[in-house]
Amino acid sequence: MADSTYRGSSSAAREVELLARIGEGDRRAFEELYGLYHRRMARFLTRLTRRYDLAEEVINDTFWAVWRKARDFRGDSLPSTWILGIAYRKARSAFRAAARLPQQNLDGIAEPLMLETPASSEELRDWLNQALALLPLEQRMAVQLCYELGHSCEEIAAIMSCPVNT
C-alpha cells in the first residue's frame with residue numbers, strides 16, 4: 001500500500017523547496033528530506049534484498065548523490081521520481097556488485113514456494129516476498145515501485161529510465 005503522505009501536491013512543493021535549500025548547502029533541509037524518505041526507501045530496498053547492510057549502503061549512496069546534485073533538480077518530474085530514480089540506479093549497481101562476490105549472503109535467497117494455501121495474511125506476505133525474490137531485479141523493482149510505493153507507470157518509467165510500455 002502506498003504511503004499517501006508522499007503523494008500530495010503540498011508535500012511535493014515542500015520537497016521541491018527542500019531540494020532548493022539543499023542545493024544551497026542547508027543541512028537541516030537535508031535532514032528533513034532524509035527523514036521523509038529513509039523509511040520509505042528502506043522498505044522498498046529490503047523487499048528487494050534481505051541484506052540490510054546493502055540496503056543502508058544504497059540509501060546512503062542515494063542521499064550522498066542527492067546532496068551533491070540537489071542544485072541540478074529542475075522540476076521536470078516529482079522530487080520522489082527524481083530521488084527514487086537515483087536510488088534505483090544505485091540499487092541496481094549495488095545488487096549486481098554484491099551478486100558477483102564469491103561469498104554471497106544466503107539470507108537473501110528465497111526458498112521454493114510451497115503449494116498449499118496460506119494460513120494467515122502474514123504467511124501470504126511471506127509467500128509473495130519469496131515469489132518476488134525469484135523475479136529478475138528490474139522486474140522486482142518495478143513491482144515494488146508500483147504496489148509498495150504507489151507510483152504510476154509513467155513515474156516508474158521515469159525512475160527506471162525506460163519506455164512506459166516496458
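Residues numbered from 1 in each chain as written. Predicted model: local features only at pLDDT ≥ 70, side-chain atom pairs only at ≥ 80, totals over all residues. Heavy atoms only, no water.

*Asks:* Help me out: how do you make sense of unusual backbone geometry in this one?
*Replies:* Excluding glycine, most residues fall at negative phi; most peptide bonds, likewise, are trans. One non-glycine residue, S161, adopts positive backbone phi at about 50°. Secondary-structure assignment places S161 in the segment after α7 (153-160). On the basis of relative accessibility, which here comes to 59%, the residue S161 falls in the exposed class. (Helix = DSSP H or I, 4+ residues; strand = E, 2+ residues; numbered from the N terminus. Buried < 20%, exposed > 50% of the residue type's maximum accessible area, 1.4 Å probe, protein only.)

*Asks:* Would you explain α7 in this entry?
*Replies:* Since the α-helix packs 3.6 residues into each turn, any two residues three or four apart lie on the same face. E155, I156, A157, I159 and M160 are the residues of α7 that are buried. If you follow the buried residues of α7, they end up packed against α4 (79-100) and α6 (137-148). The positive-phi residue at the C-terminal boundary of α7 is S161, with phi of around 50°. (Contact = heavy atoms within 4.5 Å.)

*Asks:* Any chance you could explain the pattern of salt bridges here in plain terms?
*Replies:* Counted by the stated rule, this structure contains six salt bridges. Of the charged contacts, one joins R51 and D53 as a salt bridge, the two residues approaching to 2.9 Å between their closest N and O atoms. Overall, D53 belongs to the partly exposed group, its relative accessible area being 48%. Where E138 meets R96, a salt bridge forms, and the shortest distance between an N and an O atom there is 2.3 Å. Within this pair, whereas E138 is found in helix α6, its partner R96 is found in helix α4, the two being separated by 42 residues in sequence. Ionic contacts of the salt-bridge type, sharing partners, join the residues R14, E17, R21, D26 and E32 into one network. (Salt bridge = Lys/Arg side-chain N within 4 Å of Asp/Glu carboxyl O.)

*Asks:* So what exactly am I meant to see when it comes to helix α3 (residues 52-69) here?
*Replies:* Taking 1.5 Å of rise per residue, the 18 residues of α3 would be expected to cover 26 Å, and the 25 Å separating its terminal C-alpha atoms lies within 8% of that figure. Burial in α3 covers these residues: L54, A55, V58, I59, T62, F63, A65 and V66. (Expected span 1.5 Å × (residues − 1).)

*Asks:* Could you clarify how one ought to interpret the layout of surface pockets in this entry?
*Replies:* Regions of empty space are outlined by a rolling probe, equal in size to a water molecule, passed over the atoms. If you add up the space inside the second largest pocket, you get close to 240 Å³. Lining of the second largest pocket is provided by Y88, E138, Q139, A142, C153, I156, A157, M160, C162, P163, V164 and T166. Of all the secondary structure elements, the ones that give two or more residues to the lining of the second largest pocket are α6 and α7. Top contributing element to the lining of the second largest pocket by residue count: α7, with four residues. Class assignment for the residues of the lining of the second largest pocket results in nine nonpolar, two polar and one charged. (1 Å grid on protein atoms, 1.4 Å probe; cavity = no way out; pocket = protein on both sides within 12 Å on 5 of 7 lines; lining within 4 Å. Points joined across faces, edges and corners; volume = space filled by probe spheres on them. Nonpolar A, V, L, I, M, F, W, Y, C, P; charged D, E, K, R; others polar.)

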